[in-house]
Amino acid sequence: MTIHIGADKKDIADVVLMPGDPYRAKWAAETFLTDAKCVHKVRGMFGFTGLWNGNRVTIQGSGMGMPSMSIYANELIRDFDVQTLIRVGSCGGMQDRVKIRDVILAMTASAVATPSSTIFKELNFAPCGDYGLLAAAAEKAKLMGVDVHVGGIYSSDTFYDERPDLNKEMQRHGILGVEMEAAELYILAARYGRRALSVLTVSDHLLTGEALPADQRERSFGDMIEIALTAAFS
Ligand code: HPA
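It should be emphasised that the depicted structure is a prediction, and the values quoted were computed from it without experimental measurement. (Residues numbered from 1 in each chain as written. Predicted model: local features only at pLDDT ≥ 70, side-chain atom pairs only at ≥ 80, totals over all residues. Heavy atoms only, no water.)

A. The arrangement of the packing of aromatic side chains in detail. By the definition in use, this model includes seven aromatic pairs. Seen from their ring centres, Trp-27 and Phe-32 are 6.1 Å apart, and the 70° between their planes marks the pair as edge-to-face. A relative accessible area of 18% means that Phe-32 is categorised as buried. Members of the aromatic cluster, joined through ring pairs, are Tyr-23, Phe-46 and Phe-48. Lying over the aromatic face of Phe-221, Arg-24 brings its terminal NZ or CZ to 4.9 Å of the ring centre. (Phe/Tyr/Trp six-rings, centres within 6.5 Å; stacked < 30°, edge-to-face > 60°. Buried < 20%, exposed > 50% of the residue type's maximum accessible area, 1.4 Å probe, protein only. Lys NZ or Arg CZ within 6 Å of the ring centre and 35° of its normal.)

Okay, here's the thing in C-alpha cells:
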C-alpha cells in the first residue's frame, strides 16, 4: 500500500495500462478483462486488476498532467515493482496527415519541462518509448486496419495553451500530436529500467479545430486498449 495506491502488493500485476481518466480504467477493465476486481479507490483514481487471455493486468488511472502521472508511475515502479507501463490516452493532432481517430505510437516525447527536469540540470534528456512494445503495437495496429502513426509527440503542461509559436515549431519539426503525460512516464521507465509506451488516439486537432464527438470516443479507446494489451504480452 502506498500513499496514493491503496492496494496490496499482490493485487497489482506486472503489466499496468494507464488511462488518464479513472472511469476509463473502469470501462476498460469491465470490457476487456475477465475476473476484474477493483483493487483500490483512493481519491477516486481507481485501479482494477484482472485477466486478459490468461495474463494478469492492472488498469490504473494516471490523472491528467505529468505531476499526477509521476506520482502513480513512481509508486507502481518503486513500491509495486511493475515492469511494463503503457499509457492509453488521447492527444491533439498536430500534422495534416494525422486525422481524428488515428492512433499515434509515441516513439519519443518532447517537453519544455517535466517533474524530472531538476535532475537533468542543463541536460536536454530525450525520453523514448520501449522499442519492443512499440514494434509490437505497430504490428497489431496494422493487423487491425487502424490508421497508425509512429513518431515524436509533445508532452505539454497546459491544455489551454498560450504559446501558438511553440506549437508551430513542434509542427515544423514533425511532432505528431500533443498530450500531457508521456515524457515523464518515459523518463521514469528509463531511470528504473522498465518498459513504457504511450498509445494515443487523436481526439481533437490543433490545425482543423475538429473534435471527436463524445459518443465515438469509446470505440477508438477500445482499439487502443487492444493494441496496448497485445503489445504488452507479445
Ligand atoms: N492538448 C493537450 N492535451 C491533449 C489535447 C490537446 O489538445 N488533446 C488531448 N489531450
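B. Main features of helix α1 (residues 22-32). Of all the positions in α1, only Pro-22, Arg-24, Ala-25, Trp-27, Ala-28, Ala-29 and Phe-32 are classed as buried. Looking at the packing, one finds that the buried side of α1 touches β2 (34-40), β3 (47-52), β4 (55-60) and α7 (214-232). Put simply, Asp-21 is the residue that caps the front of α1, since its side-chain oxygen is 2.7 Å from the backbone nitrogen of Tyr-23. (Helix = DSSP H or I, 4+ residues; strand = E, 2+ residues; numbered from the N terminus. Contact = heavy atoms within 4.5 Å. Polar contact = N/O pair within 3.5 Å; in protein donor to acceptor, adjacent residues only side chain to side chain.)

C. View of the packing of helix α2 (residues 66-78) against helix α6 (residues 182-192). At a minimum axis distance of 9 Å, the contact between α2 and α6 shows a crossing angle of 25°. It follows from the interaxial angle that α2 and α6 lie roughly parallel. The hand of the α2/α6 crossing is right-handed. Counted together, Met-66, Met-69, Ser-70, Ala-73, Asn-74, Ile-77 and Arg-78 of α2 and Ala-183, Glu-184, Leu-185, Leu-188, Ala-189 and Tyr-192 of α6 form the full contact between these two elements. The class makeup of the residues in the contact of α2 with α6 is nine nonpolar, two polar and two charged. (Axes fitted to C-alpha atoms, helices over the stretch in contact; angles between N-to-C directions. Parallel < 35°, antiparallel > 145°, perpendicular 65-115°, else oblique. Left-handed = near helix turned anticlockwise from the far one by under 90°. Nonpolar A, V, L, I, M, F, W, Y, C, P; charged D, E, K, R; others polar.)

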